[in-house]
Amino acid sequence: MAVGSLLFLAVLAIVHHPLLVSDTWDPATVQRRQQQEQLLALEMKQLQLEFEQRNQEEQQEQGRAQSPGLGPEPEPEPEPEPEPEPGWVEQEARLQRAGKQGPNHIAWDRWHCGLLLLLLLLELCRPSKEHAVSDDSSSSEASSEEEEEEEEEAEAGAAPRGSCPQSPGFPDTEALECFYQQHLPGLSEELAGACELVASLVTSLLEVCRVLTCQTALPQPENGIGVGSAFEGWCPRRDPSAYHVLVPLLPPKGYSFHLELESAPGALEKHGRILLELECVCKRQRLLGDVRCLLHQAEHGASSGEPGPCHVHILCTRSHLDVEKTTLWFQSLVGKAWELVSHSYSFQLAVQPSASSCKLRLAHESGGALSIELVLAVQQGDSLIFLASQGVDAGPLSSLLWVETFAVQEMLFFQLVNRYAPQGSCHLKCLQILLHLQERRLSSPPSGVLTAYHLKTALMHLLLLRPLSQWCPLQLAHRLQDVLWYLCRALEEKRLDHFLIGNSALPSQLPVPTAVRSAQPLNLFGPLAQAPAAHAQARSELLEVVQEVRALSPAYSK
């Protein structure tokens, strides 16, 4: 109707234009004006008919969209054309007669014309304003509706948008809590107590080790750093070597470690060699008098023919730190340290043979046992990235190759989550339940393609994707299903990115170098893309875990 109103105002503006030349019209002018009036009236009728027909078509389309039926809508019967409105010519004649009344009414006509022009401008501006207001109101209504829906979902404990909706056969939170209390009671408390015992014992052993090596040309062990599943709080109950402690090594006096990183073909982790180099420390020894450092002493001995220090260290192979030699030396050192502190403890400790780490077994008088694995490592500069003698999930490699590990950053991430997550957060329970079901399914054989590290990586990604407020205890069922859904999608796409490498969304509190954040993402499922059989087995393993989870619904629902 806006078009009709505009045309009507335009006609009125033309008709009410005042006569400035003469007060009287000749018969030819009157006839011509009447013909123009008739043409304008016909055009107005046609425009009105077109506008009404367009409104009818829009109403019919809206009716089809709202109607549940799928059949065609019956065509509307054509309405009879409206007869021309009477009074158009008579109204114009009256206006003409009013214009003939004399020059006294010319000022009134000019004012009337200006008023019509003002109304015309207002009519032109009104549609755009109404459209803008409608857009703003619709957007504000939509945003308010979304906020209300999100609040209702949060209050009801429903899954947020973008998450996997809870399927009918999936157990609810009550069933999962019942299963957890029956099969994994007190697991978190047991882990906390065992980690405290391990930290105390390892600290005592390393203090004695430093005393034994302080006057030798051997590496110095620093304070240990607890890493891995136990110190992160989600250790599987059946893991025999869950208590991993990273032991950083400092170079001997007069030496320095030089790290030579490389990427082995076909391997996910980076590897590196550790070169043991002599360094000049003459400035530090000036207070001792005319004493040469090991580097200058070796050069002086070579020039004078005197025997110098041994260039090939007992822990090295071709000047590179040897994993196996260093591990054997450290095992012997720990054994000697235990002999000095064993009187302070009520359990027995035995050093087990290993080529890449120092494995300790603690036997209690009550019959219980605890396994600890001390992994030697060398720090990369000022970062918390290390080259380790054995990766947490990697087997022993070449004797000269050390594995790059981000275990410290991952442990710090879980500590950060525990600090800001709501009380009783369900993120650790999700991982513990899935690992328990996977262990029960993999009782024979003992391992599979889908590892605990894959489950842990999926959980860490989801902890960044979902706000921590959505990990409250009441949302255990939704978050557990989210982890399974995330892994399912990753297997379909054959891509599961490493949590730290190439992840620019990491929190700023996490001490990860900028070069690692901006690096090319590392695909943990890359080998599956090259091995169809392994990929099929991983999908089968995940499907079995999902079936195990679904079986909890009828078994533990009240």
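Scroll up for the structure.
Throughout what follows, the structure given in this document is the object of discussion.

### A closer look at the overall build of the protein
What the protein contains, in helices and strands, is 16 helices and 12 strands. Accessible area of the protein: about 31600 Å², with a carbon and sulfur share of 55%.

### Description of the pattern of salt bridges
Tallied over the entire structure, the rule returns eight salt bridges. Across the salt bridge formed by Arg273 and Glu262, the nearest N and O atoms sit 3.1 Å from each other. With a gap of 11 residues between them, Arg273 in strand S5 (residues 270-278) and Glu262 in strand S4 (residues 255-263) connect regions that are remote in the sequence. Judged by its relative accessible area of 31%, Glu262 falls in the partly exposed class. Arg495 serves as the salt-bridge partner of Asp497, at 3.0 Å between the closest nitrogen and oxygen. Classification of Arg495 as partly exposed rests on a relative accessible area of 36%. A network of salt bridges, in which partner residues are shared, links Glu232, Glu410 and Lys456.

### Some remarks on the nonpolar core
Generally speaking, soluble globular proteins have nonpolar side chains that are buried together. Of all hydrophobic cores here, the largest spans 104 residues; its most connected members are Leu205, Tyr243, Phe330, Leu360, Ile372 and Leu374. Among the elements that make up this core, the one with the highest residue count is helix H6 (residues 187-213) (11 residues). Other than its neighbours up to four places away in sequence, Leu374 contacts Val202, Val245, Val247, Phe330, Val334, Ser357, Cys358 and Leu360. One finds Phe386, Ala388, Ala407 and Val408 within the second-largest nonpolar core, a separate group that totals eight residues.

### Re the environment of Val449
Position of Val449 among the secondary structure elements: in the loop between helix H11 (427-441) and helix H12 (452-465). For Val449, a relative accessible area of 21% puts it in the partly exposed group. For the pair Val449 and Ala536, spaced 87 residues apart in sequence, the C-alpha to C-alpha distance is 9.6 Å. Val449 has contacts with His454, Leu528, Ala534, Gln537, Ala538 and Glu541, leaving out every residue within four places of it along the chain.

### Let's talk about the packing of aromatic side chains
To describe a pair of aromatic rings, one takes the distance between the centres and the angle between the planes. Throughout the structure, instances matching the rule amount to six aromatic pairs. Both rings, one in Tyr345 and one in Phe347, keep their centres 5.3 Å apart while their planes meet at 45°; by these two values the pair is tilted. Overall, the relative accessible area of 6% leaves Phe347 in the buried class. Here the aromatic rings of Phe413 and Phe414 are separated by 6.1 Å at their centres, their planes lie at 75°, and the arrangement is edge-to-face. Looking at Phe414, the relative accessible area reads 1%, which means it is buried. An aromatic cluster of three or more residues is present, and its members are Trp338, Tyr345 and Phe347.

### A few points about the environment of Phe347
For Phe347, the position within the fold is in the loop between helix H9 (323-341) and strand S8 (348-352). For the pair Phe347 and Ser366, spaced 19 residues apart in sequence, the C-alpha to C-alpha distance is 9.3 Å. For Phe347, the residues in contact, after removing those within four places along its chain, are Leu197, Leu201, Trp338, Leu362, Ala363 and His364.

### Some remarks on the pairing of S8
Every other side chain in a regular strand lies on the same face of the sheet, so the side chains alternate between the two faces. As judged from the five bridges shared by S8 and strand S9 (residues 358-363), these two strands associate in the antiparallel manner. What sits directly across from Leu349, in S9, is Leu362. Taking the residues that link successive antiparallel strands as the turn, the S8-S9 hairpin has five residues.

### Brief notes about H9
In this model H9 runs 27 Å from its N-terminal to its C-terminal C-alpha over 19 residues, within 8% of the 27 Å that 1.5 Å per residue would give. At the N-terminal boundary of H9, the capping side chain belongs to Asp322, with an oxygen 2.9 Å from the backbone nitrogen of Glu324.

Scoring rules and cut-offs
- Every chain's residues receive numbers from 1 upward, in the order its sequence appears when written.
- It should be noted that, the model being predicted, local features are given only for residues of pLDDT at least 70 and side-chain atom pairs only at 80 or more, the latter also being counted only at that level, while totals for whole chains, interfaces and linings use all residues.
- As a rule here, side-chain values come from all non-hydrogen atoms in the structure, and water together with hydrogens is ignored.
- Working definition: helices are DSSP H or I runs of at least four residues, strands are E runs of at least two. Numbering for both runs from the N terminus.
- Accessible areas in this description were obtained via Shrake-Rupley with a 1.4 Å probe; residue shielding takes into account the shown protein chains only.
- The rule for a salt bridge is simple: a side-chain nitrogen of Lys or Arg has to be within 4 Å of a carboxyl oxygen of Asp or Glu.
- Exposure classes here rest on a 1.4 Å probe applied to the protein chains alone. A residue is buried below 20% of its type maximum, exposed above 50%, and partly exposed in between.
- The term nonpolar core refers to a set of buried residues drawn from Ala, Val, Leu, Ile, Met, Phe, Trp, Tyr and Cys, joined through side-chain atoms within 4.5 Å.
- Here, residues are in contact when the closest pair of their heavy atoms is within 4.5 Å.
- To pair, rings of Phe, Tyr and Trp, with the six-membered ring standing in for Trp, must have centres within 6.5 Å; the planes then decide the type, stacked if under 30 degrees apart, edge-to-face if over 60, and tilted in the middle.
- Should DSSP find at least two bridges between two strands, the strands are regarded as paired.
- The span you would expect from a helix comes to 1.5 Å times its residue count less one.
- Here a polar contact is taken to be a pair of N or O atoms separated by no more than 3.5 Å, where protein atoms must pair a possible hydrogen donor with a possible acceptor and residues adjacent in sequence count only if both atoms sit in side chains.

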